[in-house]
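# Coordinates in review
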Amino acid sequence: TDGVIRLVDGERGNYGRSDPNYPEYVDYYIPAGSYTVYNNAKNSIVMIIDNSSNEEVSRVTLSEGQSGNLDIQSNQHIELTIYSDVTLTEIK
């Protein structure tokens, strides 16, 4: 709520869907926009993936307690590495 989204590797929540090619993985389809991403785990990698090509567009690598920024377009989704746990806050 209020532009805050928590993504935890392997948990679907409101934005996760099983990857059609690899059903054991969850892809996250969040609303397009700019976000601050805060790492809640020891290490997290957030990858921005193009929906049509399934190619990585960019990534944010975070150590414990670190934060960064990411921009996601309407034709992109997020994939997380194992054990990742991040909180996204929309930048308005």
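For the structure given in this document, a descriptive report is provided here. (Residues numbered from 1 in each chain as written. Predicted model: local features only at pLDDT ≥ 70, side-chain atom pairs only at ≥ 80, totals over all residues. Heavy atoms only, no water.)

## Quick notes on the layout of surface pockets
Convention followed: Throughout, the protein atoms alone are placed on a 1 Å grid, and a set of points is a cavity if a 1.4 Å probe fits but cannot get out or a pocket if it is open with protein on both sides within 12 Å along at least five of seven lines; lining residues have an atom within 4 Å of a point. Grid points are joined across faces, edges and corners, and a volume is the space filled by probe spheres set on the points. Secondary structure elements are defined from DSSP: runs of H or I of at least 4 residues count as helices, runs of E of at least 2 residues count as strands, and each element is numbered from the N terminus. Each residue is assigned to one class: nonpolar for Ala, Val, Leu, Ile, Met, Phe, Trp, Tyr, Cys and Pro, charged for Asp, Glu, Lys and Arg, and polar for all the others, Gly among them.
Taken as a whole, the largest pocket holds about 240 Å³ of empty space. Val 4, Ile 5, Arg 6, Asn 14 and Tyr 15 are the residues nearest the centre of the largest pocket, which is lined by 17 residues in total. Of all the elements, strand S1 (residues 4-8) adds the most residues to the lining of the largest pocket, at 5 residues. Partitioning the lining of the largest pocket into residue classes produces 8 nonpolar, 4 polar and 5 charged.

## Looking at the side chain of Asp 85
Heads up, the rule is: Between N or O atoms, a polar contact is any pair within 3.5 Å; within protein, one atom must be a potential hydrogen donor and the other a potential acceptor, and residues adjacent in sequence are included only when both atoms are from side chains. Residue contacts are defined here by distance: any two heavy atoms, one from each residue, within 4.5 Å place the two residues in contact.
Of note, Asp 85 is situated in strand S9 (residues 85-90). Within the local environment of Asp 85, its side chain forms a polar contact with the side chain of Arg 6, the two groups lying 2.5 Å apart. If we ignore the near neighbours within four places in the chain, the residues touching Asp 85 are Arg 6, Leu 7, Val 8, Tyr 38, Asn 39, Asn 40, Ala 41 and Ser 44.

## Considerations on the environment of Leu 7
Defined as follows: Partly exposed residues are those whose accessible area sits between 20% and 50% of the maximum for their type, while under 20% is buried and over 50% is exposed, using a 1.4 Å probe and protein chains only.
Mapped onto the elements, Leu 7 comes out in strand S1. For Leu 7, a relative accessible area of 2% gives the class buried. Taking the C-alpha atoms as reference points, Leu 7 and Gln 76, 69 residues apart in sequence, are found 16 Å from one another.

## Describing the sheet that holds S1
Let me state the cut-off plainly: By the convention used here, strands pair only if DSSP detects at least 2 bridges between them. Only the contacting stretch of a helix is used when fitting its axis, a line to C-alpha atoms as for every element, and angles between N-to-C directions run 0 to 180 degrees.
Taken in spatial order, the 4 strands of this open sheet run S1-S9-S4-S7, and their pairing is antiparallel. Of all strands in the sheet, those with a lone pairing partner are S1 and strand S7 (67-72), marking the two edges. With direction set aside, neighbouring strand axes in the sheet form an average angle of 30 degrees. Looking at chain direction, strand S4 (residues 33-39) and S7 are connected through 6 bridges and run antiparallel. Of the residues in S7, the one forming a bridge with Tyr 38 is Ser 67.

## Describing the pairing of strand S8 (residues 76-80)
For S8, the buried fraction is high: 5 of the 5 residues fall into the buried class. Of the two faces of S8, the one carrying Gln 76, Ile 78 and Leu 80 and the one carrying His 77 and Glu 79 are both buried. Here strand S5 (residues 43-50) runs beside S8; their pairing, made up of 5 bridges, is antiparallel. When the sheet's bridge partners are listed, Ile 48 is paired in S8 with Ile 78.

## Quick word on unusual backbone geometry
In the Ramachandran plot, Asn 54 falls in the positive-phi region, its phi being about 60 degrees despite a non-glycine side chain. Take Asn 54: it is sitting in the loop between S5 and strand S6 (56-63). Of note, the phi angle at Tyr 83 is positive, near 70 degrees, even though the residue is not glycine. Here Tyr 83 is to be found in the loop between S8 and S9.

So yeah, pure geometry; function would need other evidence.
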